[in-house]
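Notes for the structure review
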Amino acid sequence: MRETPRLIATDIDGTLIRDDHTVSARTAGVLARIVAQGTPVVLVTGRPVRWLKMVYEQLAEPLPAVCANGAVVYDPVRDEVLRADPLAPQHLAEVAERLRAEVPDIAFAVEILDSREMRHEETYPLRWDADHEAIRPVRTPEELLSVPAVKLLVRAGERDPDVFADLVAAAVAGLAEATHSSNSGLVEISAAGVTKAAGLDWYCDRLGVAAADVLAFGDMPNDVPMLTWAGRGVAVANAHRAVLAVADEVTAANSEDGVAAYLEKIFGVD
């Protein structure tokens, strides 16, 4: 990769923002100056589209985003989904059948309508925006799995997140992608071939930017495909061991504005 990248891709939670979910003035300022100089910055996140507003409110301007671990590519200026790659109902049903056989106490939720809405089983524990109008329970498992979903979310009590993710991945191998981005035991399932790398690759191809010219930042296992795909993959110091193992470099932790610090050095901005 050449010294100055042609595109910056960064995860949000645990990477770009601090642990209190805020974007520091330093980080917002660095991103704004880089964009003003002509280098695109893309948010690449497991978040649904509906969770981007709280980040955009802290930036100088909204940035394009690859959401739902690569399943949705979003243009915030037009509020338009440029691409979506959901799990079809028949695949959702097969994944659910496999997982119920493997983990009897499993509970499901789905991100639907390009991740603008969420549906969940009554037994699925909500952790964020539980009262949001876009989120509601379903009456039957069949209703939950009846429409395409850009992400299937699974929980099963308090479990080791790495062990549970490995269990789920083995159960859905060949049918879907499984990963995780939190320490709470949540596993995120996407359609086969859908990863952050795949979604970002589609967007970069649209801009005419090669993978070799992309600088990417991340912290959790769902970032591994993106960091290995990009010409330079950088982990924040607080990253999961799987991310540290594949990263080309390590910057300061998210709580210390590690992304901003690295970009200041590369672009000569502060």
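Everything that follows concerns the structure shown earlier in this document.
Calculation rules
- Residues numbered from 1 in each chain as written.
- Predicted model: local features only at pLDDT ≥ 70, side-chain atom pairs only at ≥ 80, totals over all residues.
- Heavy atoms only, no water.
- Pairing = 2+ DSSP bridges.
- Helix = DSSP H or I, 4+ residues; strand = E, 2+ residues; numbered from the N terminus.
- Axes fitted to C-alpha atoms, helices over the stretch in contact; angles between N-to-C directions.
- Contact = heavy atoms within 4.5 Å.
- Salt bridge = Lys/Arg side-chain N within 4 Å of Asp/Glu carboxyl O.
- Buried < 20%, exposed > 50% of the residue type's maximum accessible area, 1.4 Å probe, protein only.
- Phe/Tyr/Trp six-rings, centres within 6.5 Å; stacked < 30°, edge-to-face > 60°.

**What to know about the sheet that holds strand 6 (residues 107-112)**
Spatially, six strands are ordered 8-7-6-9-11-10 in an open sheet, and the strand pairing comes out mixed. This sheet does not close on itself; its edge strands, each paired only once, are strand 8 (135-137) and strand 10 (176-179). Averaged over all pairs of adjacent strands, the angle between strand axes in this sheet comes to 25°, irrespective of strand direction. One ladder, built from four bridges, connects strand 10 with strand 11 (residues 187-191); its direction is antiparallel. Within strand 11, the position partnered with Ala176 by the bridge is Ala191. Seen against the sheet, helix 3 (residues 89-102) touches strand 6, strand 9 (151-155), strand 10 and strand 11 and runs at an angle of roughly 160° to strand 6. Set on the sheet, helix 5 (residues 161-172) makes contact with strand 9, strand 10 and strand 11; between it and strand 11 the angle comes to about 25°.

**Section: the side chain of Asp11**
For Asp11, the location among the structural elements is in the loop between strand 1 (7-10) and helix 1 (25-36). Beyond its immediate stretch of four places on either side in the chain, Asp11 contacts Leu16, Val44, Thr45, Lys196, Phe217, Gly218, Asp219, Asp223 and Met226.

**Some points on the pattern of salt bridges**
As enumerated under the stated definition, the model contains 17 salt bridges in all. Across the pair Asp11 and Lys196 runs a salt bridge whose closest N-O atoms are separated by 3.0 Å. Here Lys196 lies in helix 6 (residues 196-207) and Asp11 lies in the loop between strand 1 and helix 1, a separation of 185 residues in the sequence. Here the two residues Asp11 and Lys196 agree in accessibility, since each one is buried. Salt-bridge contacts for Arg18 lead to Asp257; the nearest nitrogen and oxygen are separated by 2.9 Å. A residue pair is termed long-range when its members are at least 10 positions apart, and Arg18 in the loop between strand 1 and helix 1 and Asp257 in the loop between strand 14 (249-251) and helix 9 (258-267) qualify at 239 residues. Given the relative accessible area of 33%, Arg18 is considered partly exposed. Given a relative accessible area of 5%, Asp257 falls into the buried group.

**Some remarks on the packing of aromatic side chains**
Here a ring pair, both rings aromatic, is described through the centre-centre distance and the interplanar angle of the planes. One pass over the full model with this rule turns up one aromatic pair. Centroid distance Phe217 to Tyr262: 5.6 Å. Interplanar angle 80°. Geometry classified as edge-to-face. Residue Phe217 is located in strand 12 (residues 214-218), and its partner Tyr262 is located in helix 9; the two are separated by 45 residues in the primary sequence. Its relative accessible area of 0% is what places Phe217 among the buried residues.

**Considerations on the sheet that holds strand 3 (residues 65-67)**
Spatially, 5-4-3-2-1-12-13-14 is the arrangement adopted by the eight strands of the open sheet, whose pairing is mixed. The open sheet is flanked by strand 5 (80-84) and strand 14, the only strands paired with a single partner. The sheet shows a mean angle of 25° between the axes of neighbouring strands, direction not considered. In terms of strand pairing, strand 13 (residues 232-236) meets strand 14 through three bridges, oriented parallel. For Ala235, the partnering residue across the bridge sits in strand 14 and is Val250.

**Observations concerning the pairing of strand 2 (residues 41-44)**
Residues Val41 and Leu43 of strand 2 are buried on one face, and the alternating residues Val42 and Val44, pointing to the opposite face, are buried as well. The pairing of strand 1 with strand 2 spans three bridges and is classified as parallel. Bridged to Ile8 within strand 2 is Val41. Where strand 2 lies against strand 3, two bridges are found, and the strand directions are parallel. Residue pairing in the sheet places Leu43 in a bridge with Ala65 of strand 3.

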